[in-house]
Amino acid sequence: MAPGTELPEKKLLRALAGVETHGVPLWMMRQAGRYLPEYREVRAKAGGFLNLCYTPELAEEVTLQPIRRYGFDAAILFSDILVVPDALGQKVAFKEGEGPVLEPITDGKGLAALSSPARVTEHLTPVYEAVERLSRSLPKETALIGFAGAPWTVATYMVGGRGSPDQAAAKLWAYREPDEFQKLMDILVEATVEHLSAQVLAGAEVVQIFDTWAGSLPELSFERFALRPVKAIRELLQARFPGLPVIAFPRGAGAMSVRYFQETGVTGLSLDTGVSPAWAREHLQSRGCVQGNLDPLLLVAGGDEMKTQALHILETLGEGPFIFNLGHGIVPQTPPEHVGELVKLVQEWRR
Ligand code: 1CP
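Model, not experiment: these values are computed from the prediction.

Here is what the cut-offs are and how they apply
- Residues numbered from 1 in each chain as written.
- Predicted model: local features only at pLDDT ≥ 70, side-chain atom pairs only at ≥ 80, totals over all residues.
- Heavy atoms only, no water.
- Helix = DSSP H or I, 4+ residues; strand = E, 2+ residues; numbered from the N terminus.
- Rg over C-alpha atoms; globule rule 2.2 N^0.38 Å.
- Contact = heavy atoms within 4.5 Å.
- Areas by Shrake-Rupley, 256 points an atom, 1.4 Å probe, with all protein chains shown as cover.
- Lys, Arg positive; Asp, Glu negative; His and termini not counted.
- Charge placed at Lys NZ, Arg CZ, Asp CG, Glu CD.
- Buried < 20%, exposed > 50% of the residue type's maximum accessible area, 1.4 Å probe, protein only.
- Pairing = 2+ DSSP bridges.
- Right-handed = clockwise from strand over helix to strand, strands pointing away.
- Near = heavy atom within 4 Å.
- Polar contact = N/O pair within 3.5 Å; in protein donor to acceptor, adjacent residues only side chain to side chain.
- 1 Å grid on protein atoms, 1.4 Å probe; cavity = no way out; pocket = protein on both sides within 12 Å on 5 of 7 lines; lining within 4 Å.
- Sits in = over half its atoms within 2 Å of the grid points.
- Nonpolar A, V, L, I, M, F, W, Y, C, P; charged D, E, K, R; others polar.
- Points joined across faces, edges and corners; volume = space filled by probe spheres on them.
- Salt bridge = Lys/Arg side-chain N within 4 Å of Asp/Glu carboxyl O.
- Core = buried A, V, L, I, M, F, W, Y, C linked by side-chain atoms within 4.5 Å.
- Phe/Tyr/Trp six-rings, centres within 6.5 Å; stacked < 30°, edge-to-face > 60°.
- Axes fitted to C-alpha atoms, helices over the stretch in contact; angles between N-to-C directions.

### So, the overall build of the chain
Line of reasoning, step 1. Helix and strand counts for the chain come out as 17 helices and 9 strands.
Line of reasoning, step 2. In terms of C-alpha radius of gyration, the chain reaches 19 Å, essentially the compact-globule figure of 20 Å for 351 residues.
Line of reasoning, step 3. Considering only C-alpha atoms, the chain reaches an extent of 60 × 45 × 45 Å along its principal axes.
Line of reasoning, step 4. Counting contacts in the chain only where the partners sit at least 6 residues apart, residues at least 24 apart contribute 74% of the total.
Line of reasoning, step 5. Here the chain displays about 14,700 Å² of accessible surface, and carbon together with sulfur accounts for 51% of that area.
Line of reasoning, step 6. Of the side chains in the chain, 34 bear a positive and 42 a negative charge, and the two mean positions are spaced by 1 Å.

### Brief notes about the pairing of strand S5 (residues 206–211)
Line of reasoning, step 1. With 6 of its 6 residues buried, S5 lies for the most part within the structure.
Line of reasoning, step 2. Of the two faces of S5, the one lined by Val206, Gln208 and Phe210 and the one lined by Val207, Ile209 and Asp211 are each fully buried.
Line of reasoning, step 3. With 5 bridges connecting them, strand S4 (residues 143–149) and S5 associate as parallel partners. Looking across to S5, one finds that Ala148 is bridged to Ile209.
Line of reasoning, step 4. Pairing between S5 and strand S6 (residues 246–250): 5 bridges, direction parallel. When the bridges of S6 are listed, Ile209 appears paired with Ala248.
Line of reasoning, step 5. Crossover handedness for the path S5 to helix H12 (residues 219–240) to S6: right-handed.

### Structural notes on the environment of Glu177
Line of reasoning, step 1. Looking at the element boundaries, Glu177 is found in the loop between helix H10 (168–176) and helix H11 (178–202).
Line of reasoning, step 2. The spatial distance from the C-alpha of Glu177 to the C-alpha of Asp107 is 9.5 Å, given a sequence separation of 70 residues.

### Observations concerning helix H9 (residues 151–160)
Line of reasoning, step 1. Of all 10 residues in H9, 9 are buried, a share of seventy percent or more.
Line of reasoning, step 2. Taken together, the buried positions of H9 are occupied by Pro151, Trp152, Thr153, Val154, Ala155, Thr156, Tyr157, Met158 and Val159.

### Overview of the site of the ligand
Line of reasoning, step 1. Around the ligand, a shell composed of 22 residues is seen, among which Arg30, Tyr39, Tyr157, Thr212 and His328 lie nearest.
Line of reasoning, step 2. Contact between the ligand and Arg30: an oxygen atom at 2.7 Å from a main-chain N or O atom of the residue.
Line of reasoning, step 3. For the ligand, an oxygen atom lies 3.3 Å from a polar atom in the backbone of Gln31.
Line of reasoning, step 4. Coverage of the ligand by the protein chains reaches 86% of its 900 Å² of free accessible surface.
Line of reasoning, step 5. Judged by the fraction of its atoms near the pocket grid, the ligand is located in the largest pocket.
Line of reasoning, step 6. Counted by class, the shell around the ligand contains 13 nonpolar, 5 polar and 4 charged residues.

### As for empty space enclosed by the protein
Line of reasoning, step 1. One pass over the structure, following the stated rule, counts 1 cavity of 30 Å³ or more.
Line of reasoning, step 2. The wall of the largest cavity is formed by Pro250, Arg251, Gly252, Ala253, Gly254, Ser257, Ser270, Leu271, Asp272 and Val275.
Line of reasoning, step 3. Here the residues of the lining of the largest cavity sort into 4 nonpolar, 4 polar and 2 charged.

### Description of the pattern of salt bridges
Line of reasoning, step 1. Across all of its chains, the model carries 17 salt bridges by this definition.
Line of reasoning, step 2. Of the charged contacts in the structure, one is a salt bridge between Lys344 and Glu348, with a shortest N-O distance of 3.8 Å. Here Glu348 and Lys344 lie together in helix H17 (residues 336–348), a separation of 4 residues that amounts to about one turn.
Line of reasoning, step 3. You can call Glu348 partly exposed: its relative accessible area is 48%.
Line of reasoning, step 4. One salt-bridge network, in which partners are shared between bridges, spans Glu219, Glu223, Arg259 and Glu263.

### Some thoughts on the layout of surface pockets
Line of reasoning, step 1. Roughly 1,300 Å³ of internal volume is contained in the largest pocket.
Line of reasoning, step 2. Taken together, 41 residues make up the lining of the largest pocket; nearest its centre are Arg30, Arg34, Phe49, Asp80 and Phe94.
Line of reasoning, step 3. For the lining of the largest pocket, the element with the highest residue contribution is helix H2 (residues 37–46), accounting for 4 residues.
Line of reasoning, step 4. A per-class count over the lining of the largest pocket returns 20 nonpolar, 12 polar and 9 charged.

### Some words on the nonpolar core
Burial of nonpolar side chains together is a common tendency in soluble globular proteins.
Line of reasoning, step 1. In terms of nonpolar packing, the biggest core is built from 127 residues, with Met28, Phe181, Phe324 and Leu342 touching the most fellow members.
Line of reasoning, step 2. For this core, the element with the most residues is H11, which contributes 12 residues.
Line of reasoning, step 3. Leave out the neighbours within four places in its chain, and Phe324 touches Val24, Pro25, Leu26, Trp27, Gly292, Leu294, Ala310, Ile313, Leu314, Leu342 and Val346.

### Quick look at the packing of aromatic side chains
Line of reasoning, step 1. Enumeration over the complete set of coordinates arrives at 11 aromatic pairs.
Line of reasoning, step 2. Here Tyr39 and Phe78 contribute two aromatic rings whose centre-to-centre distance is 5.6 Å and whose plane-to-plane angle is 50°, an arrangement assigned as tilted. Of this pair, Tyr39 sits in helix H2 while Phe78 sits in the loop between strand S1 (74–76) and helix H5 (83–87); the two residues are 39 residues apart in sequence, bridging distant segments of the chain. Neither residue differs from the other here; Tyr39 and Phe78 are each classed as buried.
Line of reasoning, step 3. Here the aromatic rings of Tyr70 and Phe72 are separated by 5.5 Å at their centres, their planes lie at 50°, and the arrangement is tilted.

### Notes on the sheet that holds strand S8 (residues 289–294)
Line of reasoning, step 1. Within the open sheet, the 7 strands sit side by side as S1-S4-S5-S6-S7-S8-S9. Their pairing is parallel. Single-partner strands in this sheet number two, and they are S1 and strand S9 (322–326). Averaged over all pairs of adjacent strands, the angle between their axes in this sheet comes to 25°, without regard to strand direction.
Line of reasoning, step 2. Contacts from helix H13 (residues 257–264) reach S6, strand S7 (268–270) and S8 within the one sheet, and its direction differs from that of S7 by about 150°.

Below, the structure is given as structure tokens:
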């Protein structure tokens, strides 16, 4: 935080600034979505997932739904990481029951056909309008999180054309022609900085960078394609917005998280379920705020097992700086009442 800046009041922003929070701030990745009946209703009306993302009133409404139900400390803009390839001119479709499908880009010719990364924000104005609406409609204690995918993770979808268990198409391109693949990274760094900057200008107070597939890269590639692009994005953003809190989620990074946190210089690190809380306390929390990391399937199971494991996380990391979250997104089969029980447990912990 810049010298002379006043301490923030919102609990989530206080945790990120490393100051006392009076209770643990809490939100959940994918807190808006198919597990909520009110989401499914809006989604059915919207006629297509991208339509939902690009209709400001509807994106605002589904962002607010989990806040109304549970009073989370943060709202995350309802959108998707794949709006960036869409804005770059790649064909992106969300097929019912199949997930996202893109027309794959596999060579320099495909890259040359993309539109300018400096201009992605022109296509994405409805997204920023949703952010503006939210910054007016959210309760005053709720922080607003903007987000984007990290270049590596977005590239896995752009190159593979869909989600894949091994990210083979992107990896093979990166291994065979690292310099050409780097051009895709450079395009995505620039596009991501523009996209996140526009969200901040519209009212986002924090940004989160999702690197869902970071953990599939071996060390040298992790350094080049996961760590370095996120470091560049963080630096460029904070040059424009000094003190802006940036959270990164390098899923599966394991022991490489230590260097990643240090070298990217991000404000907060979101931990996946595989990270030991005690290890994170020792190696990560001294460097800044950590966030995580309950298994989303514990939220499906509920009951004593969910409570015991949530308390284990709270007892280990709860002194802070800490934000309670899941280790990955809420899954559609989650009973909404289990979310309510977990929220109550976190809110009542040591208060
Ligand atoms: O039909 C539907 O309703 C579509 C399901 C859905 C939803 C609710 C998709 C398609 N995206 C989203 C919203 C979304 N995606 C958010 C909203 C905010 C919130 O958290 O409430 C966010 C932050 C994302 C981010 C996202 N999209 C990631 C990174 C985080 C993660 O979960 O790993 C990734 C990898 C995507 C791609 C994507 N979009 C949708 C799906 C089903 C997928 C995954 C595809 C796959 O690899 O199988």
